[in-house]
Amino acid sequence: MWGSVIYPSQGLVLFSVPVTDVVTTAMAVYNDWLADFCSEDTGRLKGVAMLNLDDVQAAVRELERCRERGLCGALITVLPPSWQPFRSDVYEPLWAAAEDLEVPLSLHVATDRADPRVGAGAFRLDVKHVPPSMFVNSDFQVRQTLAELIFSGVFERHPRLRVGSVEHELGWIPFFLDRMDYVYTDRPRRGPEWKRFRDADVLPSDFFRQHVFASFQEDPHGLRLLDVLGRDTPTWGSDYPHTESTFPRSREIVDSVVADLTDEDAWAVSAGTCAALYGFDVP
């Protein structure tokens, strides 16, 4: 394990706190700590900042500050409150800033944003009493958000923007791409949100393969359809030190999941795509 992209651990529960000022301040403190931690070796440690999007302009300023401090990515809510979905124009400054700063944005599992307007948490804070059904169906929110970004034309307007699905695995993606293309080509339009892309030959799945990356840990099935996913979509992660981490069997697990891939594809999945996204200069 030569280098690592570092995501928050316990800090993820901040997204479920329904108090804007508390979340924004706590995330800024975390971002400073993370920048200091990664400064030990910025070539091998790439930190991912946390952003609170309740105030998009404030989030843009924090993104710019974190980039100046050397952080290489940013984590946003996987699902904002219903009154401000990702198809809203209010997020345009964020997409533009992430594109200009060349900062990949990530949608991490279990980061649904609590609604500060009603003071409600997005999910249970008591992790000892979370039902298993939540873990089985954890890709629901990221599917909804990625479809919103694609159908609302975010990637068409921002051709260099990269957005990642984190810890949702891969197996859901081929069916998701097929459903998006079917809706785009075969469903009748049902309102102003049913827009058409400028290029008549482009499908939603094309935007996915060009702009979306997806981290995974132990999905033995998803890589069987690598040609559907796109070779530059999957990127492996260990999720160390969480309980579901591949540690201490990471090498064995990676060998297993890439066993049927070509050497070129195995390199892309296990290291190459990640290195390109976050600016690793791999020896």
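Right, let's walk through the structure included here. Quick caveat: nothing in here was measured; it's all calculated off a predicted structure.

Cut-offs and rules
- Residues numbered from 1 in each chain as written.
- Predicted model: local features only at pLDDT ≥ 70, side-chain atom pairs only at ≥ 80, totals over all residues.
- Heavy atoms only, no water.
- Helix = DSSP H or I, 4+ residues; strand = E, 2+ residues; numbered from the N terminus.
- Contact = heavy atoms within 4.5 Å.
- Buried < 20%, exposed > 50% of the residue type's maximum accessible area, 1.4 Å probe, protein only.
- Pairing = 2+ DSSP bridges.
- Axes fitted to C-alpha atoms, helices over the stretch in contact; angles between N-to-C directions.
- Core = buried A, V, L, I, M, F, W, Y, C linked by side-chain atoms within 4.5 Å.
- Patch = residues over 30% accessible without salt bridge, like charges linked within 9 Å, V, L, I, M, F, W, Y side chains within 5 Å.
- Areas by Shrake-Rupley, 256 points an atom, 1.4 Å probe, with all protein chains shown as cover.
- Salt bridge = Lys/Arg side-chain N within 4 Å of Asp/Glu carboxyl O.
- Parallel < 35°, antiparallel > 145°, perpendicular 65-115°, else oblique.
- Left-handed = near helix turned anticlockwise from the far one by under 90°.
- Nonpolar A, V, L, I, M, F, W, Y, C, P; charged D, E, K, R; others polar.

Bringing the environment of E218 into the picture now. As for its position among the elements, E218 is in the loop between β6 (212-216) and α9 (226-229). Distance in space between the C-alpha atoms of E218 and I173 is 15 Å, their sequence separation being 45 residues. Aside from chain neighbours lying at most four places away, what touches E218 is E169, E244, T246, R249 and I253.

On the secondary structure map, M180 appears in helix α7 (residues 173-186). Residue class for M180 comes out buried when judged on its relative accessible area of 3%. Along the primary structure M180 and P204 are separated by 24 residues, whereas in three dimensions their C-alpha atoms are 6.1 Å apart. When sequence neighbours within four positions are dropped, the list of residues in contact with M180 reads A147, I150, F151, P204, S205 and F208.

Another point: the sheet that holds strand β2 (residues 45-50). Ordered in space as β1-β2-β3-β4-β5-β6-β7, the seven strands form an open sheet in which the pairing is parallel. The open sheet has two edge strands with one neighbour each: β1 (4-6) and β7 (234-236). Here the strands of the sheet are splayed against their neighbours by 30° on average, with no regard to which way each runs. Inspection of the sheet shows β1 paired to β2 by three bridges, in the parallel sense. Pairing of S4 across the sheet is with L45, part of β2. Seen against the sheet, helix α11 (residues 263-278) touches β1, β2, β3 (73-76), β4 (105-108), β6 and β7 and runs at an angle of roughly 100° to β7.

What tends to happen in soluble globular proteins is that the nonpolar side chains get buried as a cluster. I76, L94, W95, L105, L146 and F208 are the most contacted members of the largest nonpolar core, which has 53 residues in total. Within the second largest apolar cluster, 24 residues are counted, among which are L34, A49, C66 and F280.

Now for a nonpolar patch on the surface. The grouping of W2, W267 and V282 at the surface amounts to a nonpolar patch, some 280 Å² of accessible area in total. Residue class for W2 comes out partly exposed when judged on its relative accessible area of 34%.

What follows is about the packing of helix α2 (residues 56-68) against helix α3 (residues 92-101). As a packed pair, α2 and α3 sit with axes 9 Å apart at the nearest point and diverge in direction by 10°. For the element pair α2 / α3, the angle class is roughly parallel. Seen from above, α2 lies across α3 with right-handed handedness. On α3, the residues touching V56, Q57, V60, L63, E64 and R67 of α2 are P93, L94, A97, A98 and L101. The residue makeup of the contact of α2 with α3, split by class, is eight nonpolar, one polar and two charged.

Moving on, we come to the packing of helix α5 (residues 140-151) against α7. α7 packs onto α5 with a crossing angle of 40° between their chain directions and a minimal axis gap of 12 Å. Taken together, α5 and α7 sit at an angle that is classed as oblique. The hand of the α5/α7 crossing is right-handed. Contacts between α5 and α7 involve R143, L146, A147, I150 and F151 on the former and, on the latter, F176, M180, V183 and Y184.

For the bond from Y240 to P241, the omega torsion is 10°, close enough to zero to count as cis. Tracing the chain through its elements places P241 in the loop between β7 and α10 (250-257). Along the chain, F247 connects to P248 via a cis peptide bond; the corresponding omega equals 5°. Inspection of the secondary structure assignment puts P248 in the loop between β7 and α10.

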